[in-house]
Amino acid sequence: MKNQEIAKILYDMADRFSMDGVAFKPYAYRKAADVLVSEKEDIEKVYQRGGLKELESMPGIGKHIALKIEEYIKTGKIKQYELLKRQIPADVEELTKVEGVGTMTVKTLYEKLNVKNIKDLKRAAEEHKIAPLFGFGDKKEQAILEGIGFLSKNEGRVSIVVAITETKRIIDYLKAMPEVDNISIAGSLRRMKETVGDIDILVSSKNSSKVMDYFIKMPGVQKVWGKGKTKTSVRMDRGYNVDLRVVPKSSFGSALQYFTGSKEHNIALRKVAIAKGLKLNEYGVFKGSKKVAGETEQAVYSALGVDWIPPELREGLGELNSKLPNLINYNDIKGDLHCHTNWSGGFNSIEEMARKAMSLGYSYIGITDHTKYLRIENGLDEKRLKEQRKEIDLVNKKLDIKILQGCEANILADGSIDIKDSVLQKLDFVIAGIHSHFKLSRDQMTKRMIKAMSNPYVDIISHPTGRIIGKRAEYEIDLDKILTVAKETDTILEINANPSRLDLNDINIRKAVKAGVKMIINTDAHEERHMDLMNLGVAQARRGWASKTDIVNTKDLTTYFR
Ligand code: DGT
Ligand code: CA
Ligand code: CA
């Protein structure tokens, strides 16, 4: 099955187009690659069935890209891709994993210093060859070295969004087998951790060896680490591992409990069992040699005298001996208030984004394009914000959803906002976020944020700690102080649902809940399909023990905005 191979090429082509400053193509190629990644059917079969027409009937695949796919299926390569690689023979995918290294930086570093991979990059930085280049300097060189260090520390974990997509496919594959009885996700993915070390899947079956044989024949399996009657581990060609466990039906619940973890939760739960004179393991709950529970997870918890714990809370952080909150649910969200459009760096129009919000059942959407300080995102100035309002008014008349005009303004280094108060005041609400000067001292950063929150027109702070998962650490900031001031100034902190951010993270969300700070879950969508990722933010809110009342966009549009 060539789906992953072709997707990888399309992603790389997208990067290389953006390196050449080509407009729109990068979006189109990335979108097509995303479609291929989640397509269950072998793309070669799709092509054989109906040729180019059939390829084009897939969402996100136009004539141009269909031709490229055809070329790859027929010849094993794509000429244009070979040409692009010859122009810049550097490993763009690897290099751009380093924070602060974008496609343009790759191009410059290749042309000036012949940097082709991370090893070259590290050497060039250590030998101080990067700093003297135009537009770089000591700070950037230092940041590159830090970025490389951060990357190697976080190696090997897979983003939750990749894990979810992949797991859906694996589960569909397994379900097609008649011997597979119950099936569930387990491990950190069931707990909705922001990244997972490997994917754990649990099956109950009467014929485990048949299931295991079938499992290792799954498309995409690159290597079998180990195969046994209860556990098989494989490596997939996209670079992650999957553990499959097969148990009898009578132990499905206890095995699910055990393999969902976390280890810390399991240890705490076993203590509860011991205190009650019971034994707990993956086969069941036992009183002496008599099994008292095992078939369902509910029964396991109940035999131990505790309420069933939602998987997102099973981290061994007090969930077994605290009163649990009335957790926010995945369907509680009524609107998305952080959406970009083609007025700044986004891909879709206001109307397209609003229609997408309607399709998700929302009753409102906030359009929040970047503002003028972010020139590379074509940020709006005061004049264009006014023009944008006219278009929003028109679409509001046309559609049965409330469209608010906000903006995502920039918090400048001194804490001021890059748009005049008199203009902010005319918007329906204002998000402010830090998009530059990430390396200020802790004290300066804290003051900067406090000043922004104290602006009476700033309603929401976007991605409050600035981290990018696996790429950039949180900036230095006194979060406790930020929480105090957020509460005092009635500023809402965002839980950014984008899987590369998830910021606030679970731990910080829990602190905010304790401090009584209001939060909002937003997708920060730069195109309509990003709006589908809201559930990832809700998951982190649940992991942070947030209830519906902590999250403002579970409410109708009333109290919170002007
Ligand atoms: P990951 O894969 O690093 O994101 O994290 P998990 O939680 O998925 O860990 P994994 O895949 O090593 O194991 C899955 C679950 O199996 C884990 O959450 C709890 C259970 N488990 C594994 N090893 C142990 C152990 O040594 N003791 C206990 N009590 N539970 C274990
Ligand atoms: Ca795991
Ligand atoms: Ca595992």
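Quick caveat, the model's predicted, so the values are computed rather than measured.

1. Digging into the sheet that holds strand S18 (residues 519-522)
Turning to step 1, where the next piece is worked out: The five strands lie next to each other as S14-S15-S16-S17-S18, forming an open sheet whose pairing is parallel. Whereas interior strands pair on both sides, the edge strands pair on one side only; in this sheet they are strand S14 (408-410) and S18.
Turning to step 2, where the next piece is worked out: Sheet topology note: the strand S16 (residues 460-461)/strand S17 (residues 492-496) ladder contains two bridges and is parallel. For Ile460, the partnering residue across the bridge sits in S17 and is Ile492.
Turning to step 3, where the next piece is worked out: Across the sheet, helix H22 (residues 534-543) lies against S17 and S18, angled at about 150° from S18, the strand it touches most.

2. Observations regarding the site of ligand 1
Turning to step 1, where the next piece is worked out: In the vicinity of ligand 1, 16 residues are found, and the nearest of them are Arg157, Ser188, Arg191, Gly197 and Asp198.
Turning to step 2, where the next piece is worked out: Take Arg157: an N or O atom from its side chain is 2.8 Å from an oxygen atom of ligand 1.
Turning to step 3, where the next piece is worked out: Interatomic distance of 3.5 Å between a side-chain N/O atom of Tyr258 and a nitrogen atom of ligand 1.
Turning to step 4, where the next piece is worked out: Here ligand 1 has 600 Å² of accessible area as a free molecule, and 71% of this is covered by the chains.
Turning to step 5, where the next piece is worked out: Those elements that place two or more of their residues in the shell around ligand 1 are helix H11 (187-190), helix H13 (252-260) and helix H14 (263-275).
Turning to step 6, where the next piece is worked out: Grouping the amino acids of the shell around ligand 1 by side-chain chemistry returns three nonpolar, seven polar and six charged.
Turning to step 7, where the next piece is worked out: Per-domain counts for the shell around ligand 1 show at least three residues from each of domain 2 (157-247) and domain 3 (250-322).

3. Brief notes about the coordination of the calcium ion (ligand 3)
Turning to step 1, where the next piece is worked out: Within the protein, the atoms that donate to the calcium ion (ligand 3) are Asp198 (OD), Asp198 (OD), Asp200 (OD) and Asp243 (OD), at distances of 2.4 to 2.7 Å.
Turning to step 2, where the next piece is worked out: Sequence positions of the residues that donate to the calcium ion (ligand 3) give the spacing D-x1-D-x42-D.
Turning to step 3, where the next piece is worked out: Taken as an interatomic distance, the gap from the calcium ion (ligand 3) to the calcium ion (ligand 2) is 3.6 Å; Asp198 donates to each of them.
Turning to step 4, where the next piece is worked out: Here Asp198 falls in the partly exposed class, since its relative accessible area comes to 22%.

4. Points about the pairing of strand S7 (residues 240-247)
Turning to step 1, where the next piece is worked out: For S7, a buried count of seven out of eight residues is recorded, marking the element as mostly surrounded by other parts of the structure.
Turning to step 2, where the next piece is worked out: Summarising the sheet, strand S4 (residues 199-204) and S7 pair through six bridges and their orientation is parallel. The residue bridging Ile201 from the neighbouring strand is Leu244, located in S7.
Turning to step 3, where the next piece is worked out: Connecting strand S6 (residues 231-236) to the next strand, S7, in antiparallel fashion are three residues, including Gly239 with a positive phi near 90°.

5. Description of the packing of aromatic side chains
Turning to step 1, where the next piece is worked out: Per the counting criterion, the structure on display carries six aromatic pairs.
Turning to step 2, where the next piece is worked out: Ring geometry for Phe17 and Tyr29: centres 5.0 Å apart, planes at 65°, overall edge-to-face. Taken together, the residues Phe17 in helix H1 (residues 3-19) and Tyr29 in helix H2 (residues 25-38) connect sequence positions 12 residues apart. When sorted by exposure, Phe17 lands in the same class as Tyr29, which is buried.
Turning to step 3, where the next piece is worked out: For the pair Tyr258 and Phe259, a centre-to-centre distance of 4.9 Å together with 85° between the ring planes defines the contact as edge-to-face.
Turning to step 4, where the next piece is worked out: Classification of Phe259 as buried rests on a relative accessible area of 19%.
Turning to step 5, where the next piece is worked out: The rings of Phe24, Tyr27 and Phe347 are connected pair by pair, giving a single aromatic cluster.
Turning to step 6, where the next piece is worked out: It is Lys279 that lies over the ring of Phe286; its NZ or CZ is 5.6 Å from the centre.
Turning to step 7, where the next piece is worked out: Taking NZ or CZ as reference, Arg510 lies 3.7 Å from the ring centre of Trp545, over its face.

6. Overview of the packing of helix H20 (residues 479-489) against helix H21 (residues 506-515)
Turning to step 1, where the next piece is worked out: Taken N-terminus to C-terminus, the directions of H20 and H21 make an angle of 45°; their axes are 10 Å apart at the nearest point. The angle between H20 and H21 places the two elements in the oblique class. Taken as a pair, H20 and H21 cross one another with a handedness that is right-handed. Of H21, the residues touching H20 (which contributes Leu479, Asp480, Leu483 and Lys487) are Asn508, Lys511, Ala512 and Ala515.
Turning to step 2, where the next piece is worked out: Here the contact of H20 with H21 is built from residues that sort into four nonpolar, one polar and three charged.

7. As for the domain arrangement of the protein
By a widespread convention, an interface's size corresponds to the accessible area lost as its parts come together.
Turning to step 1, where the next piece is worked out: For the protein, the domain assignment lists domain 1 (3-153), domain 2 (157-247), domain 3 (250-322) and domain 4 (335-554).
Turning to step 2, where the next piece is worked out: Just the C-alpha atoms count here: the centres of domain 2 and domain 4 sit 36 Å apart.
Turning to step 3, where the next piece is worked out: Counting residues at the interface gives nine residues for domain 2 and 10 residues for domain 4.
Turning to step 4, where the next piece is worked out: For the pair domain 2 and domain 4, the summed buried surface comes to about 740 Å²; carbon and sulfur atoms form 62% of the total.
Turning to step 5, where the next piece is worked out: Contact with domain 4 buries surface across domain 2, with Val161, Met192 and Glu194 losing the most and accounting together for 62% of the total.
Turning to step 6, where the next piece is worked out: The interface formed by domain 2 and domain 4 contains one salt bridge.
Turning to step 7, where the next piece is worked out: In this structure, Glu194 engages Arg467 in a salt bridge whose closest nitrogen and oxygen atoms are separated by 2.7 Å.

8. With respect to H14
Turning to step 1, where the next piece is worked out: Its 13 residues give H14 an end-to-end C-alpha distance of 19 Å, which sits within 8% of 18 Å, the value for a rise of 1.5 Å per residue.
Turning to step 2, where the next piece is worked out: Restricting attention to buried positions, one finds in H14 the residues His265, Asn266, Leu269 and Ala273. Burial along H14 is one-sided: seen end-on, the buried residues are contained in an arc of 95°. In H14, the exposed residues that point more than 90 degrees away from the buried face are Lys263, Lys271, Ile274 and Ala275.
Turning to step 3, where the next piece is worked out: The inward-facing, buried residues of H14 abut H13, strand S8 (279-281) and helix H15 (297-303).
Turning to step 4, where the next piece is worked out: Following H14 by one or two positions, Gly277 has its phi on the positive side, about 75°.

9. Considerations on the environment of Arg355
Turning to step 1, where the next piece is worked out: Position of Arg355 relative to the elements: it lies in helix H16 (residues 350-359).
Turning to step 2, where the next piece is worked out: Arg355 gets classed as partly exposed once you look at its relative accessible area, which sits at 42%.
Turning to step 3, where the next piece is worked out: When the C-alpha atoms of Arg355 and Lys229 are compared, they prove to be 50 Å apart, with 126 residues separating the residues in sequence.
Turning to step 4, where the next piece is worked out: Here Arg355 is in contact with Lys398 and Leu399, once residues within four sequence places are set aside.

Rules and cut-offs
Residues numbered from 1 in each chain as written. Chains lettered and ligands numbered in written order. Predicted model: local features only at pLDDT ≥ 70, side-chain atom pairs only at ≥ 80, totals over all residues. Heavy atoms only, no water. Pairing = 2+ DSSP bridges. Helix = DSSP H or I, 4+ residues; strand = E, 2+ residues; numbered from the N terminus. Contact = heavy atoms within 4.5 Å. Axes fitted to C-alpha atoms, helices over the stretch in contact; angles between N-to-C directions. Near = heavy atom within 4 Å. Polar contact = N/O pair within 3.5 Å; in protein donor to acceptor, adjacent residues only side chain to side chain. Areas by Shrake-Rupley, 256 points an atom, 1.4 Å probe, with all protein chains shown as cover. Nonpolar A, V, L, I, M, F, W, Y, C, P; charged D, E, K, R; others polar. Domains from an automatic or database assignment. Donors = N, O, S within 2.8 Å, 3.2 Å for Na, K, Ca; no water. Buried < 20%, exposed > 50% of the residue type's maximum accessible area, 1.4 Å probe, protein only. Phe/Tyr/Trp six-rings, centres within 6.5 Å; stacked < 30°, edge-to-face > 60°. Lys NZ or Arg CZ within 6 Å of the ring centre and 35° of its normal. Parallel < 35°, antiparallel > 145°, perpendicular 65-115°, else oblique. Left-handed = near helix turned anticlockwise from the far one by under 90°. Buried area = accessible area lost by both parts, 1.4 Å probe. Salt bridge = Lys/Arg side-chain N within 4 Å of Asp/Glu carboxyl O. Expected span 1.5 Å × (residues − 1). Arc of directions from axis to C-beta.

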